[in-house]
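Topology and contacts: notes
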Amino acid sequence: MPTSFPADSVGLVTPQVMHFDEPLMLACGRALERYELVYETYGQLNASRSNAILICHALSGHHHAAGYHSEEDRKPGWWDHYIGPGKPIDTDRFFVVSVNNLGGCHGSTGPTSTNPDTGKPWGPDFPKLRVRDWVHSQARLADKLGIDQWAAVIGGSLGGMQAMRWALEYPDRLRHCVVIAAAMKLSAQNIAFNETARQAIISDPGFHDGRYLEHQDVPKHGLAVARMIGHITYLSDHVMGQKFGRELRSGTFERGTDQPVEFQVESYLRYQGDNFAQSFDANTYLLITKALDYFDLAREYDDDPVAAFAHAQCKFLVVSFSTDWRFAPARSREIVDALIGADKPVTYAEIDSHFGHDAFLLPSARYQQLFGRYMRRIDTE
Amino acid sequence: MRLDLDQIQQWIPQGSRVLDLGCGDGTLLKFLIDHKQVTGYGLEIDPEQINACVDKSLNVIEQNLDSGLGNFADKSFDMVLMTQALQTLHFPHRVLEEMLRVGKECIVTFPNFGHWKARLHLTFKGRMPVSDLLPYEWYDTPNIHFCTFRDFDLLCKAMGIDVVHRQVVYERSIKPLAALSPNLFGETAIYHLRKGAES
């Protein structure tokens, strides 16, 4: 390994692609005849194939969860603080699989892929997906990798929803389920933010009813605004205040000047939005936020989460963060209470953090300790 | 081994579903799992103690007892335990009431503030008692609601709680005296409680 990477990094990683020719029946009733999933792996699969861990990503995530793609890469994968040698998800012990979800825009088949029936990009015609469709496609990836049972399925936010769905859809295929900063369903406020973000995209003249690729156009302004809205919900009031306060980037309030004033927070959000718009597909954003809105763990179990979790056979770790107002600790408590009601093994911690929803991605001594100690007790045999 | 563990386990039927309030590092819960094959959960708020429970592979839930047990269904546990935490609660009587709602039976242990050493301390030094068992100063102690055995007996009576068993833990040397006056010589009491018949 080159010395330029930190010692506790998985180092250089190369994404891989798996092809699937068996049609995948989707929750919407349509089938996807052929598709590809792009994924990365870290660590070694043991001889008994019992040390595999699946990482499920959140709204804007992808398969690149840890390590670096090149020597020049400045930033590691999105969960590098938690995946690596000696880290909570210890790659010296575990074989970690991180997959870009179907419908994504980082290599797996999605709206930017070519529709074999038309020879044009799928765009808005790509089938609407539900969380369970991701879970089923991940199960097929597990089949191909020869993994009958995950030591753990782990996810934060939307990833936590996938992990819970795994526990209900394939109860005998995971031993532990780690649900971080998630919820069993979105609140009206959550849906409202998602819809506002979607409207920003749809009302951009560059959207062309979702066929922007055919028009060689991109609704980049709408996508940027969508990201700005989302980003606000990932941060706490406190951390925004601490980071930006009312600091000005330019302009002045002085009398007699008409120079426009720009707050630091405005410039930051615009930068985040513009960056995102360059790397993310608008149809994928619409698809994933809809999947989030429609997710309701207990819907098919008579709206009874205890009845839903009665199907689970694994052990659970549930973690929330004190200032997370997107999926507040109360949402995690609902998960925990349902698990207790269903008499399932569960450990729950509410981590004190200033960082809002984003805390699940960031370093924190207590979070790292708790997560690491829980992972250490997972039997890899 | 802690003195109270052995006594407590005798009152817990094999394979019970238990809830341990203020479970600390999980010593009691682990002991009961190993010796009585119980299942259940511990509630705790101290991050270090929660980590210690995680190390023992226990089901530990971060929950503040002062916020109540509203998330637990009536009679959903065979036994609800609370060892040496009663005196740290803002509203001990309310938690006691909740314990008897959630559990079919309860076990509560607490230090006796009517112990002769505490009485002497207050009488002769004129200061709030500080001892090996209760090593805090009055202003920094987590123990905010002290009571004596007699106080607790009266509370049980007022709340219509049946005391199924009571076991008092003494210093070894003082045992002959203790039978005469548990409230004077007992250090810790272990109460086995049940909701009284509705009158």
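All values derive from a computational prediction rather than experimental measurement.

Moving on, we get to the overall build of chain B. Helix and strand counts for chain B stand at eight helices and seven strands. Its C-alpha atoms give chain B a radius of gyration of 17 Å, near enough to 16 Å, the size a compact globule of 199 residues would have. Considered along the principal axes of its C-alpha atoms, chain B spans approximately 45 × 45 × 30 Å. In chain B, buried positions account for 48% of the 199 residues. Long-range contacts, defined here as pairs at least 24 residues apart, represent 67% of the contacts in chain B between residues at least 6 apart. Carbon together with sulfur atoms contributes 54% to the accessible area of chain B, which is approximately 9,900 Å² in total. For chain B, the distance from the average position of its 20 positive side-chain charges to the average position of its 25 negative side-chain charges is 7 Å.

The next thing to look at is the overall build of chain A. When you go through chain A residue by residue, the secondary structure sums to 10 helices and 14 strands. If you line up chain A on its principal axes, its C-alpha atoms span 75 × 55 × 50 Å. Pairs at least 24 residues apart make up 72% of the contacts formed inside chain A by residues separated by at least 6 positions. For chain A, the computed accessible surface area is about 16,100 Å², with 49% contributed by carbon and sulfur atoms. Taken together, the 37 basic and 47 acidic charged side chains of chain A have centroids lying 2 Å from each other.

Turning our attention to the packing of helix α3 (residues 188-202) of chain A against helix α4 (residues 220-234) of chain A. All names here are of chain A. It is the contact of α3 with α4, at a shortest axis distance of 7 Å, that shows an interaxial angle of 165°. One finds that α3 runs roughly antiparallel with respect to α4. As α3 runs across α4, the sense of the crossing is right-handed. Within the contact between the two elements, α3 uses Phe193, Thr196, Ala197, Ala200 and Ile201 and α4 uses Gly222, Leu223, Val225, Ala226, Ile229 and Thr233. Taken together, the residues of the contact of α3 with α4 break down into eight nonpolar, three polar and no charged.

Residues and elements named next belong to chain A. Checked against the element boundaries, His64 lands in the loop between β5 (52-56) and β6 (83-84). A polar contact of 3.0 Å, which involves the side chain of His64, links it to the side chain of Glu40. In terms of polar contacts, His64 uses its side chain to reach the backbone carbonyl oxygen of Ala66, at 3.5 Å. Beyond its immediate chain neighbours, meaning those up to four positions away, His64 contacts Val13, Glu40, Tyr42, His69, Asp73, Pro76, Gly77 and Trp78.

Residues and elements named next belong to chain A. Enumeration over the complete set of coordinates arrives at 24 salt bridges over all chains. For Lys87, the salt bridge is made with Asp80, and the minimal N-O distance between the two is 3.1 Å. A single burial state applies to Lys87 and to Asp80, both of which are buried. A salt bridge links Glu214 to Arg211; the nearest nitrogen and oxygen atoms lie 3.9 Å apart. Exposure remark for Arg211: the relative accessible area of 30% places this residue in the partly exposed category.

What follows is about the side chain of Gln9 of chain B. Structurally, the position occupied by Gln9 of chain B is in helix α1 (residues 3-10). Other than its neighbours up to four places away in sequence, Gln9 of chain B contacts Phe31, Leu32 and Lys36 of chain B.

Residues and elements named next belong to chain A. Across the eight residues of strand β4 (residues 35-42), six count as buried, placing the element largely inside the fold. Alignment of β4 against strand β8 (residues 95-99), held across four bridges, turns out to be antiparallel. If you follow Thr41 over to β8, its bridge partner there is Val97.

All right, on to unusual backbone geometry then. All names here are of chain A. Located in the positive-phi region is Arg49, a residue other than glycine, with phi close to 55°. Here Arg49 lies in the loop between β4 and β5. When its relative accessible area of 41% is taken as the criterion, Arg49 is described as partly exposed.

With that settled, consider the packing of aromatic side chains. All names here are of chain A. Using the criterion set out here, one finds 28 aromatic pairs over all chains in the structure. When the centroid spacing of 6.3 Å and the interplanar angle of 90° are considered together, the rings of Trp150 and Trp166 count as edge-to-face. Of this pair, Trp150 sits in the loop between α1 (131-145) and β9 (152-156) while Trp166 sits in helix α2 (residues 158-169), and the two are 16 residues apart along the sequence. Residue Trp150 shares its accessibility class with Trp166, and that shared class is buried. Their ring planes at 15° and their centres at 4.6 Å tell us that Phe276 and Phe280 sit as a pair that is stacked. For Phe276, a relative accessible area of 7% corresponds to the buried category. Assessed through its relative accessible area of 7%, Phe280 is described here as buried.

Another aspect to go through is the environment of His19 of chain A. All names here are of chain A. Mapped onto the elements, His19 comes out in strand β1 (residues 16-20). Taking C-alpha positions, His19 is 6.7 Å from Leu37, a pair spaced 18 residues apart along the chain. Excluding its chain neighbours within four sequence positions, the residues that come into contact with His19 are Tyr35, Glu36 and Lys144. Within polar-contact distance, the side chain of His19 engages the side chain of Glu36 at 2.7 Å.

Conventions and cut-offs
Residues numbered from 1 in each chain as written. Chains lettered and ligands numbered in written order. Predicted model: local features only at pLDDT ≥ 70, side-chain atom pairs only at ≥ 80, totals over all residues. Heavy atoms only, no water. Helix = DSSP H or I, 4+ residues; strand = E, 2+ residues; numbered from the N terminus. Rg over C-alpha atoms; globule rule 2.2 N^0.38 Å. Buried < 20%, exposed > 50% of the residue type's maximum accessible area, 1.4 Å probe, protein only. Contact = heavy atoms within 4.5 Å. Areas by Shrake-Rupley, 256 points an atom, 1.4 Å probe, with all protein chains shown as cover. Lys, Arg positive; Asp, Glu negative; His and termini not counted. Charge placed at Lys NZ, Arg CZ, Asp CG, Glu CD. Axes fitted to C-alpha atoms, helices over the stretch in contact; angles between N-to-C directions. Parallel < 35°, antiparallel > 145°, perpendicular 65-115°, else oblique. Left-handed = near helix turned anticlockwise from the far one by under 90°. Nonpolar A, V, L, I, M, F, W, Y, C, P; charged D, E, K, R; others polar. Polar contact = N/O pair within 3.5 Å; in protein donor to acceptor, adjacent residues only side chain to side chain. Salt bridge = Lys/Arg side-chain N within 4 Å of Asp/Glu carboxyl O. Pairing = 2+ DSSP bridges. Phe/Tyr/Trp six-rings, centres within 6.5 Å; stacked < 30°, edge-to-face > 60°.

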